[in-house]
Amino acid sequence: MTQGQAAVTLQGVTKSFPVGNGRDLEVLNIQGLELSTGSYTVLRGPSGSGKTTLLNLMAGISIPTTGTIWVDGTDIFSLPEPRRDRFRAEHIGYIFQTFNLLAAFTALENVLLAMMFVPTLAKREQRQRAEEILGNLGLKERLSHRPHQLSRGEQQRVAIARALANNPPFILADEPCASLDPNTARVVLAEFLTLCREEKKTLLVVSHDETALRGADRILEMTEINRPAEPS
Amino acid sequence: MTIFAVALTYLRGRLVASSFTAFSVALGVALVISTFLLIRGIKDGFIEGTTDYNLIVGAKGSPTQLVLNVVFRIDVAPPNILHTIYEQLQADTRVDLAVPVALGDAYQGFRYVSTTADYFKNVPWRRKTFTFAEGRLFRNDAVEHPAYEAVLGAQVARQIGLNRGDQFYQGEEMAEYPLTVVGILRPTHGPDDRAIFFSLASFWGMNEVARQMTVKPLTAVLVRPKRLSDLPSLHREFNVAPETQAVLPSSVLLNIFNLLSLAEEVLKMILGIVALVVFLYLFVAMYSATLERKREVATMRAIGARRGIILLIVLLESATIALIGGAVGIAGGYGLAYLGAQIVAARGGLAMNPLVFTPLQFVVLAGVVVLGTLAGLIPAILAYRTEVAENLAPLS
């Protein structure tokens, strides 16, 4: 099934979790949401309002209880899981709040790992692209460093590079600079946004940072778009 | 990157744990390999030593003691028989070759074996051939004029450091009967490598009791009949005689093997338990490693890894540890077997060559890899079933 020109469309999406005694707790209920292609949207909301749950649904990591989600014209939950994994690798870059770099792998290897799941480039070209992205983020001298040898700002840059490795059209960033000090957060966020805007990616960033809010095409409040049913 | 490179990187990332796990696999494999090599080596050593002669004639007593002492130079010497027994066998028309043997003391742990040139005769039915690295055989000296010439087995010469022309004796009372080295044998990979050979005349000359005897003593006569069909009659004749027993080395070997097989069964059970312990160790190592990196597995899934790839990575890690441990273990097993053979030879006198390489080692290695991979199966399934969203949640 395909859908119009919007990069991402949600229709009638709900997500509930079982809480025991045969009862479910609905944490997400979004009847309609669209993100235009190439747009930059900031998502805000109090803690526990379902921001990460929403990002996980859009990334195809979590399955909605009801509803459909189209990404780049594809109903991602109509795909069998292996194809959905491949689709995610090709079309969605995800930056986690706590970086989630693989500790045993170097900065370069963390980026190459993402490319391993989308083998469209030859090995040498993969390496060149990974080095180029890391270089653009100021990590040219840190390619062979492991995460514990990098500063938090450098770690986040590696996470950004990993998300961009396969040139996905859609980037999700869950509070990308929450773990950084304010100065570093400003610098890293600015670099990240510049890169993504240059490549005309559709961005959804969960953040409360002023740098993130500045320049956003749209600011979404979770409390406005999410109307979960009251617990019974 | 390849899936194999990812597996190797994970192993490298926990290098100490991976090394210890591989080492435990290597130890287990080395134990199994060395045990089987030594058992086979012991069996081959016994077969090697007993198959040249069909009959051993000695004094009445334990057949096993006779064979072990005369052929392998293990165990205490049995009582003597008279030289006339040898003369009788030598003249017997049923006998192709009769070789007299007298075993005496030892020099620095290496047994004296006195015999004749027939012992070293190269004949078609003999499994081993005797050749000299240096020098010659001792002379066929007369009883009245013993030459006290000695031929050393290969290991004797190597370990003691005696050379051709050197003289030696054991104990002050033997000082007036020193032996002179006239020849050194090439290795035969049998008990003869650890023996010091000289003539019967020299043996009797060195022995105070034998000097007094009119009919000289022997320990045994090694017999090869002309026809195997003559064996039963020879065996019966010398068994019923009051002063002798005739022993078929093959039947003694069978008894020894029956005893060994009991020990072998027990050893197999113990080794089976060792293998199980190693398997469980590998399983626990992989299981803990998988539990520790649930978050990383969830991250890989989130960036596009299929469940099957995750499963494969864990299985490859387990298989790689097993492969490295198995290869090192096989090499270590041969090393242990070699050391064990040296110890057995030095203490028990049974010479063996356990270092026999066969394609079976590759089968063993393949088996270790398969078992090692199986040990990683449950951890791999655990990783396969990792819930992504649940394990990506921030820790605090």
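Details of the structure are given in the entry above.
Given the structure is predicted, the values throughout are model-derived calculations rather than measurements.

A. Examining helix H9 (residues 249-292) of chain B more closely. Helix length check: H9(B) (44 residues) gives 62 Å between terminal C-alpha atoms against 64 Å at 1.5 Å per residue, within 8%. Along H9(B), the residues classified as buried are Pro249(B), Val252(B), Leu253(B), Val278(B), Leu282(B), Ala285(B), Met286(B), Ala289(B) and Thr290(B).

B. Local environment of the sheet that holds strand E8 (residues 202-206) of chain A. Residues and elements named next belong to chain A. Ordered in space as E6-E7-E8-E3-E9, the five strands form an open sheet in which the pairing is parallel. The open sheet has two edge strands with one neighbour each: strand E6 (92-95) and strand E9 (218-221). For this sheet the average axis-to-axis angle between neighbouring strands, irrespective of direction, equals 15 degrees.

C. Focus on the pairing of strand E1 (residues 8-20) of chain A. Residue and element names in this part refer to chain A. Both E1 and strand E2 (residues 23-35) contribute to a ladder of 11 bridges, which runs antiparallel. Considered in E2, the bridge of Val13 is made with Ile30. The antiparallel pairing of E1 with E2 creates a hairpin that spans two residues between the two strands, and Asn21 there sits at a positive phi of about 55 degrees. As paired strands, E1 and strand E4 (residues 66-71) are joined by five bridges and run antiparallel to one another. Counted as the bridge partner of Gln11 is Thr68 from E4.

D. Layout of the nonpolar core. Core analysis: the biggest nonpolar cluster contains 175 residues, and Val111(A), Ile196(B) and Val221(B) have the highest contact counts within it. Considering each element in turn, this core owes the most residues, 14 residues, to helix H11 (residues 307-348) of chain B. Setting aside anything within four residues of it in sequence, one finds Val111(A) in contact with Ala130(A), Ile133(A), Leu134(A), Val158(A), Ala161(A), Arg162(A) and Ala165(A).

E. Structural detail: the interface of chain A and chain B. The partner chain B presents 18 residues to the 26 residues of chain A that form the contact. If you list the elements that add at least two residues to the side of chain A that touches chain B, you get helix H2 (81-91) and helix H3 (107-116) of chain A. When grouped by side-chain class, the residues that make up the side of chain A that touches chain B number 16 nonpolar, five polar and five charged.

Rules used throughout
- Each chain has its residues counted from 1, following the order in which its sequence is written.
- For naming, the first written chain is A and the first written ligand is 1, with later ones following in the order written.
- Residue-level local features of this predicted model are given only where pLDDT is at least 70; pairs of side-chain atoms are given and counted only at 80 or more, and the full residue set underlies all totals for whole chains, interfaces and linings.
- In this text, helices come from DSSP runs of H or I with a minimum length of four residues, and strands from runs of E with a minimum of two, each type numbered from the N-terminal end.
- Any helix carries an expected span of 1.5 Å times its number of residues minus one.
- With C-beta atoms placed from the backbone, a residue counts as buried when 20 or more other C-beta atoms lie within 10 Å of its own, as exposed when 12 or fewer do, and as partly exposed for counts between those limits.
- Pairs of strands are assigned from DSSP output, requiring at least two bridges between the strands.
- Axis lines are fitted through C-alpha atoms, for helices just across the contact stretch, and the angle between N-to-C directions can take any value from 0 to 180 degrees.
- As used here, a nonpolar core is made of buried Ala, Val, Leu, Ile, Met, Phe, Trp, Tyr and Cys residues. They are joined through C-beta atoms within 7 Å.
- This entry defines residue contacts through backbone-placed C-beta atoms, with two residues in contact when those atoms are within 7 Å.
- For this classification, the nonpolar set comprises Ala, Val, Leu, Ile, Met, Phe, Trp, Tyr, Cys and Pro, the charged set comprises Asp, Glu, Lys and Arg, and every other residue, Gly included, is treated as polar.

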